[in-house]
Amino acid sequence: MIFGGIDIGGTSVKVGFVDKNGKILCKDSFYVHSIKDYDNFLKTLHSSIISLIKNLDDDTAIQGYGVGCPGRINTKDRKVAWCKGKLEFIENQLLGADLEDLLNKPVVCDNDVNSIVLGEALFGKGKGLDIVIGLTFGTGIGGGIVINGDILRGEHFTAGHFGYMSQKSDGRKHESGNAGAVEIHSSHSGILYKVKDAIRSGIKTSLEEKLKNNVLGFDNLYEESNAGDQFSMGLVKELEIEMSVLIANLIFAFDPSIILVGGGLLNADKKILSRVKKNIIKRIDFLNEKEIIVEPMSHYDKVGILGGAALAKTELN
């Protein structure tokens, strides 16, 4: 049996075929920055999949496809119910049904981080564990919850949007409607806002030059912090504390077997997660250190494809 895994992101789309044991047989990807409408998006995705199928020894073994997609996904209708920011042209589209028509195979759709966490629970670091929670820190902050092999989606398909949870009740309003959402402070877009706001306020920081060159990422923030830029150092400390607060709250809420953290942020400094975990432990007295398991997700290039394949394997069998 072979399952197709599709990982839709704001920068690129990753596609792959995976066997029943979680081995990636082949994979491909394409950038989406030049795609401006839904029809072109479908055409490009379809073309990528058809090209990739040629690498399989037996394409009749394909059982179907799982799609991880940003936003609020109505998994019953396989519809993108809400998607803001990049790829807004997929909002209100029946993505699952449209892909099914093109591929002539069953297609399952879910939120991208839901599928990633399911992939970890089925094939990765969460395999065999009861409660697996995942968070991704990138352009935004995503999350997913898998309990006994099932995704916790919520009544209205909004469970796991941890980045929308408020840490500052009087903070800026987030696109979700919630003021002070943690995504405003601890995502890449949130960091960009803070840096721009500080520069407008007259604060001196070496990050200003990075911003002028349009290359300001998490890695630049940590580089400047390590080089002694005072503003960057404060921003890094604040970011990691906010991560710790969010993850500690999730531990209080779900008592998970494991929390897996991924996203572009972790590429900026290899010791981020160890520092964050130390901060988490300080906040939780009724568990010992061995009971607080916080680890990085599996490799970024694989995790989305495996998540899509896990969706297909779980939902279509």
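What counts, and at which threshold
- Residues numbered from 1 in each chain as written.
- Predicted model: local features only at pLDDT ≥ 70, side-chain atom pairs only at ≥ 80, totals over all residues.
- Heavy atoms only, no water.
- Phe/Tyr/Trp six-rings, centres within 6.5 Å; stacked < 30°, edge-to-face > 60°.
- Helix = DSSP H or I, 4+ residues; strand = E, 2+ residues; numbered from the N terminus.
- Buried < 20%, exposed > 50% of the residue type's maximum accessible area, 1.4 Å probe, protein only.
- Core = buried A, V, L, I, M, F, W, Y, C linked by side-chain atoms within 4.5 Å.
- Contact = heavy atoms within 4.5 Å.

**Some details on the packing of aromatic side chains**
A full pass over the atoms with the stated rule returns 4 aromatic pairs. Taken together, a centroid distance of 5.8 Å and an interplanar angle of 65 degrees make the contact between F17 and Y65 edge-to-face. Of this pair, F17 sits in strand β2 (residues 12-19) while Y65 sits in strand β4 (residues 62-69), placing them 48 residues apart in sequence. By relative accessible area, F17 is classed as buried at 0%. Residue Y65 is classed as buried on the basis of its relative accessible area of 2%. Ring centres of F252 and F286 lie 5.5 Å apart, and the angle between their planes is 75 degrees; this geometry places the pair in the edge-to-face category. Of this pair, F252 sits in helix α8 (residues 230-254) while F286 sits in the loop between α9 (272-283) and β12 (294-296), and the two are 34 residues apart along the sequence.

**Quick notes on the nonpolar core**
Formed by 40 residues in total, the largest nonpolar core has its most connected members in L135, I247, I259 and I280. Those elements that provide at least two residues to this core are β8 (131-137), β9 (141-147), α5 (188-200), α7 (218-226), α8, β11 (258-262) and α9. Ranked by residues supplied to this core, first place goes to α8 with 10 residues. Those residues within four positions of I247 in sequence are excluded, and the remaining contacts are L135, I259, V261, V276, I280 and V294. Among the nonpolar cores identified, the runner-up in size contains 34 residues, and I8, I62, I73 and L87 belong to it.

**Notes on the environment of R172**
Mapping R172 onto the fold places it in the loop between β10 (150-151) and α4 (182-186). Each residue touching R172, except ones within four places of it in the same chain, is listed here: N178, A179, G180, A181, I184 and Y193.

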